[in-house]
Amino acid sequence: MDTLSLAQARRIALAAQGLHRPRPEGEVSMRRAMAGVDRLNLLQIDSVNVLARAHLMPLFSRLGPYDVGLLDRASGRSPRRIVETWAHVASFVPATTYPLLEWRRRNYLDEAWGEISGTALAHAHEVDLVRQMVAERGPVTAREIHDELEAAGRTTPRTREEWGWNWTVAKRCLEFLFFTGEVMSARRNSAFERCYDLPERVLPPAVRTVEPVPHADAVRELLALGARAHGVGTARCFADYFRLKGPVVRRALAELVEDGVLARVRVDGWDQPTFRHRDARLPRRAEGRALLSPFDPLVWERRRLEALFDVYYRIEIYVPAPLRTLGYYVLPFLEGDAITAMVDLKADRQAGVLRVQAAHATAHATDGTAAALGAELELLAGWLGLDETVVGPRGDLAPRLSRATAVPGGGAGSVMAAAAGA
């Protein structure tokens, strides 16, 4: 059994994710963007838009500023290169991956959460109506379906009294049909609402005709994709990529080891059985730099992040403000092979400002971290179409970040101290 140091395991993980080297120069083409998606296998979708949509950030972290319209075209025009489904959670996946998740759509009673899995019984009549309306009118949004059902007296009016998503009956029906694959997202509109349509009008012909993949075979392939995306890790790391569970995962892992796709390795300081994918590369050094979304594949499995990078990180969106330690929407900053800072960011689009609401150094920060982070913030602000970056006073790194990157007189892309003491 080969033995790896933690530093070597980190470099393998970064190379597998395309984060081990400086970003390539030149314009990001559709081909390059789709190669990035294929490397990651999926782009997680989240409704929080305090900075940028979650699925947009991973490609920026790896490729730099790019036209987000590339993803809109890839997911919203025929032949679609990526489609939406439940993968890690709600995600964009390569269209070729969609058939590997058919078993999840079919087993919705076990795979979906209660509000969705129970919809077919709780709203059987409405499900039939919604299914018919999508067939007749698709692509159509949940809001449009609800308004039509409400006008016909077939559902109750929308309210805002409940906490959380507060989905209408129409939305629940559509999300049930989406989970089971009876409808798909043909595109997202300007309000980021799904426009639902039938699979035969969304999926590329080559994907529509694929025979269902047996459950065990699909799980083995998905586990291998998760392992390839991670490079090195535990069975839990690989299974979490597509949220796989149960005895079928253990059997798949054993088969992948037997077939030579995975090899057992020992990682010093990682006290769990660990495996390396056969395609994983070990670069001699890691020289990349990136701000990572809370939903980036490198950081979403928090125990893996802690084991590999020696940083504790949790998203605190749902933590009451006085109890937050790092901030509301915090992005780890990758510098070389270390996470050196955590920054709480907000895109103030009305003011044209990228607000650094807090900046904290980790134990791995260096004398150059503030300057490196400042340059990354300037790049991010420009990509988001914001004129300047304002650093607030919160966090031990904030004063150095302001001093290191302030531009006299401000201007586009500048970083300015927001507090007198900074």
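The following refers to the structure shown. Model, not experiment: these values are computed from the prediction. (Residues numbered from 1 in each chain as written. Predicted model: local features only at pLDDT ≥ 70, side-chain atom pairs only at ≥ 80, totals over all residues. Heavy atoms only, no water.)

Across a sheet, strands are paired by hydrogen bonds formed along the backbone, either parallel or antiparallel in direction. Across the sheet, four strands lie side by side as E1-E8-E9-E7; this open sheet has mixed pairing. Strands at the two margins of the open sheet, each flanked by one partner only, are strand E1 (2–4) and strand E7 (232–233). The pairing of E7 with strand E9 (residues 274–277) spans two bridges and is antiparallel. The residue of E9 that forms the bridge with Val-232 is Arg-276. Lying on the sheet, helix H1 (residues 6–16) is in contact with E1, E7, strand E8 (262–267) and E9; it crosses E1 at an angle near 90°. (Pairing = 2+ DSSP bridges. Helix = DSSP H or I, 4+ residues; strand = E, 2+ residues; numbered from the N terminus. Contact = heavy atoms within 4.5 Å. Axes fitted to C-alpha atoms, helices over the stretch in contact; angles between N-to-C directions.)

The next thing to look at is the side chain of Asp-344. Along the polypeptide, Asp-344 turns up in strand E12 (residues 338–348). Although Asp-344 lies buried, it forms no salt bridge, and the closest oppositely charged side chain, Arg-394, sits 4.9 Å away as judged by the N-O distance. Here Tyr-329 takes part through its backbone nitrogen, which lies 2.9 Å from a polar atom of the side chain of Asp-344. Ignoring sequence-local partners within four residues, the contact set of Asp-344 consists of Leu-326, Gly-327, Tyr-328, Tyr-329, Val-330, Arg-355, Val-356, Gln-357 and Ala-358. (Buried < 20%, exposed > 50% of the residue type's maximum accessible area, 1.4 Å probe, protein only. Lys, Arg positive; Asp, Glu negative; His and termini not counted. Salt bridge = Lys/Arg side-chain N within 4 Å of Asp/Glu carboxyl O. Polar contact = N/O pair within 3.5 Å; in protein donor to acceptor, adjacent residues only side chain to side chain.)

With that settled, consider the sheet that holds strand E4 (residues 90–94). Taken in spatial order, the three strands make up an open sheet running E2-E4-E3, and their pairing is antiparallel. The open sheet has two edge strands, strand E2 (43–44) and strand E3 (82–86), and neither has a second partner. Two strands pair when backbone bridges link them, and E3 and E4 are joined in this way by five bridges, in the antiparallel orientation. Opposite Thr-85, over in E4, you have Ser-91 as the bridge partner.

Burial analysis of E3 places five of its five residues in the buried class, which makes it a mostly covered element. Across the two faces of E3 the burial is the same, with Ile-82, Glu-84 and Trp-86 and Val-83 and Thr-85 all buried.

A few words now on helix H17 (residues 369–384). Taking 1.5 Å per residue as the helical rise, H17 with its 16 residues ought to reach 22 Å, and the 22 Å between its terminal C-alpha atoms agrees with that figure. Turning to H17, its buried residues number three or more, namely Thr-369, Ala-370, Ala-372, Leu-373, Gly-374, Glu-376, Leu-377, Leu-380, Ala-381 and Trp-383. The first or second residue beyond H17 is Gly-385, which carries a positive phi of 75°. (Expected span 1.5 Å × (residues − 1).)

The subject of this paragraph is the packing of helix H2 (residues 30–40) against helix H4 (residues 69–76). The contact between H2 and H4 brings their axes to 10 Å, and the two run at 75°. Of the possible angle classes, the one that applies to H2 and H4 is roughly perpendicular. Contacts between H2 and H4 pair Met-30, Ala-33, Met-34 and Val-37 from the former with Leu-70, Leu-71, Arg-73 and Ala-74 from the latter. Residue composition of the contact of H2 with H4, grouped by class: seven nonpolar, no polar and one charged. (Parallel < 35°, antiparallel > 145°, perpendicular 65-115°, else oblique. Nonpolar A, V, L, I, M, F, W, Y, C, P; charged D, E, K, R; others polar.)

As for its placement among the helices and strands, Thr-141 is situated in the loop between helix H9 (124–137) and helix H10 (142–151). Relative accessible area serves as the criterion here: at 3%, Thr-141 is assigned to the buried category. Those residues within four positions of Thr-141 in sequence are excluded, and the remaining contacts are Leu-174, Asn-189, Glu-193, Arg-194, Cys-195 and Tyr-196.

Membership of the largest hydrophobic core comes to 140 residues, with the highest contact counts inside it found for Leu-51 and Leu-345. Apart from residues no more than four positions distant in its own chain, Leu-345 is found in contact with Val-50, Leu-51, Leu-291, Tyr-329, Leu-331, Leu-354, Arg-355, Val-356, Leu-377 and Leu-380. (Core = buried A, V, L, I, M, F, W, Y, C linked by side-chain atoms within 4.5 Å.)

Residues of helix H16 (residues 302–309) that are buried: Arg-302, Arg-304, Leu-305, Leu-308 and Phe-309. Down the axis of H16, the sector holding all buried residues measures 155°, keeping them to one side. Close packing links the buried residues of H16 with H1, helix H13 (215–230), E7, helix H14 (235–241), strand E11 (330–335) and E12. Put simply, Glu-301 is the residue that caps the front of H16, since its side-chain oxygen is 3.1 Å from the backbone nitrogen of Arg-303. Once H16 ends, the next one or two residues include Asp-310, with phi positive near 60°. (Arc of directions from axis to C-beta.)

Within the structure shown, the criterion is met by nine aromatic pairs. Consider the rings of Trp-113 and Trp-167, whose centres lie 6.4 Å apart with planes at 55°: the pair is tilted. With a gap of 54 residues between them, Trp-113 in the loop between helix H6 (108–111) and helix H7 (114–117) and Trp-167 in the loop between H10 and helix H11 (169–180) connect regions that are remote in the sequence. For Trp-113, a relative accessible area of 27% translates into the label partly exposed. An aromatic cluster of at least three residues, connected via ring pairs, comprises Trp-86, Trp-113, Trp-167 and Phe-179. A cation sits over an aromatic face here: Arg-105 above Tyr-98, 3.6 Å from the ring centre. The ring of Phe-178 has Arg-194 sitting right over it, with the charged end atom 4.0 Å from the ring centre. (Phe/Tyr/Trp six-rings, centres within 6.5 Å; stacked < 30°, edge-to-face > 60°. Lys NZ or Arg CZ within 6 Å of the ring centre and 35° of its normal.)

On to the environment of Asn-189. Mapped onto the fold, Asn-189 is located in the loop between strand E5 (184–188) and strand E6 (194–197). Note: C-alpha distance between Asn-189 and Asp-72 (117 residues apart in sequence) is 9.6 Å. Ignoring any residue separated from it by four or fewer positions in sequence, one finds Asn-189 in contact with Thr-141, Arg-143 and Cys-195. Side-chain polar atoms of Asn-189 contact the backbone nitrogen of Ala-191, separated by 3.0 Å.

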